Amino acid sequence: MNDRTAVSHAFIAPQKIMWMAWDRYQRTGRNDTIKVDFYSGMPTMFSVKKYSDVLEKLRVQRGVGGLFQHNLLSVDSANRKATFKKADDSAVSVDYTILHVTPQMGPPDVIKKSPLADKAGWVSVDSATLRHTNPEYHNVWAVGDCSSLPTSKTAAAITAQAPVLSENLFSVLDTGKVSGAKYDGYTSCPLLTGYDQLLLAEFKYGLEPKETFAQYLGDQATPKKFYYHLKKDLFPWAYWNFMLDGNWYGSNAWTRPTFPSTA
Ligand SMILES: Cc1cc2nc3c(=O)[nH]c(=O)nc-3n(C[C@H](O)[C@H](O)[C@H](O)COP(=O)(O)OP(=O)(O)OC[C@H]3O[C@@H](n4cnc5c(N)ncnc54)[C@H](O)[C@@H]3O)c2cc1C
């Protein structure tokens, strides 16, 4: 900490609000009086190296402190102190003026304490078919945040999971067997880096980029105004008008993906 006002942020989702706050401080001429620090339990800025490298460069360029493998233990709001546990298990207390926190997330007890859960507490489903891994519960399927699917939990991921689930579910009802529909781990993190710029991370299992627009617009790791407007204007419209009705297929937009009929 230096003598500038300290503003601390923790974990990945708040990167968006952190960058927007940072941008706002610049635009309102307060960048010299506010010091922004990013505290994260993660070892890097992002799980996918390609995007992480860009965000790390941005962080350094913008003078934002990077404190990785720092897990928030407690907050003493009366004295404005946040205490983090570091990778070596030692604790560090940090003074702050504004603290923006995303608490650690986990499965709800209703699932965690049920026989449907895996060791981590999520509904244990096959990562490709989305059907429960235990044959005893083969009538159970899962998409979204409650599932054990080893990818980033996003609404965008659900748009790719839902057609696979419904295809397999109806195939089982009709033929007794799952179809050839397989989820590839697709997920997307539209990461705001300022008021008019967004890095559009899209990737699949193996943390391998799977970008929709790169072939037309160039690398999606470069924050762009176009992606900002996709997130700000198109996605909310698509969510309310199409996704809730099951008519939005993420990177496929309105076109329902087709799958082989047999596994
Ligand atoms: C800060 C933040 C930013 C995000 N930004 C993005 C983004 O830009 N793009 C993106 O694609 N995704 C984003 N996400 C992720 C996205 O919001 C989630 O992945 C998505 O909402 C998961 O949907 P879901 O239906 O699986 O779970 P949820 O939305 O969590 O829905 C579960 C529902 O179950 C209900 N429930 C819980 N327990 C019970 C019970 N016992 N009985 C009955 N109901 C119960 C809950 O109240 C809730 O309504 C973001 C998430 C966060 C936190």
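The structure presented is a predicted model; accordingly, all values stated were derived computationally and were not measured. (Residues numbered from 1 in each chain as written. Predicted model: local features only at pLDDT ≥ 70, side-chain atom pairs only at ≥ 80, totals over all residues. Heavy atoms only, no water.)

1. Thoughts on the nonpolar core
For soluble globular proteins, the rule of thumb is that nonpolar side chains tend to be buried together. Judged by nonpolar contacts, the single largest core of 22 residues is most densely connected at Trp19, Phe46 and Tyr51. When contributions to this core are tallied by element, the ones reaching two or more residues are α1 (14-27), β2 (34-39), α2 (49-61), β8 (187-194) and β9 (197-204). Considering each element in turn, this core owes the most residues, 5 residues, to α1. For Trp19, the contacting residues outside a window of four places in its chain are Met45, Leu55, Leu58, Arg59, Arg62, Val64, Leu191, Leu192, Thr193 and Gly194. Ranked by size, the runner-up nonpolar core spans 16 residues in total, among them Ile111, Ala117, Ala142 and Leu165. (Core = buried A, V, L, I, M, F, W, Y, C linked by side-chain atoms within 4.5 Å. Buried < 20%, exposed > 50% of the residue type's maximum accessible area, 1.4 Å probe, protein only. Helix = DSSP H or I, 4+ residues; strand = E, 2+ residues; numbered from the N terminus. Contact = heavy atoms within 4.5 Å.)

2. Quick notes on the site of the ligand
Inspection of the region around the ligand gives 13 residues, with Lys16, Asp145, Ala155, Ala156 and Lys231 positioned closest. Here Lys153 contributes a backbone N or O atom positioned 3.4 Å from an oxygen atom of the ligand. In the environment of the ligand, an oxygen atom lies 2.8 Å from a nitrogen or oxygen atom belonging to the backbone of Ala156. Protein contacts shield 39% of the accessible area of the ligand, which totals 1,000 Å² for the unbound molecule. If you tally residues by element for the shell around the ligand, the top one is helix α4 (residues 155-175), at 3 residues. Of the residues in the shell around the ligand, the class split is 7 nonpolar, 2 polar and 4 charged. (Near = heavy atom within 4 Å. Polar contact = N/O pair within 3.5 Å; in protein donor to acceptor, adjacent residues only side chain to side chain. Areas by Shrake-Rupley, 256 points an atom, 1.4 Å probe, with all protein chains shown as cover. Nonpolar A, V, L, I, M, F, W, Y, C, P; charged D, E, K, R; others polar.)

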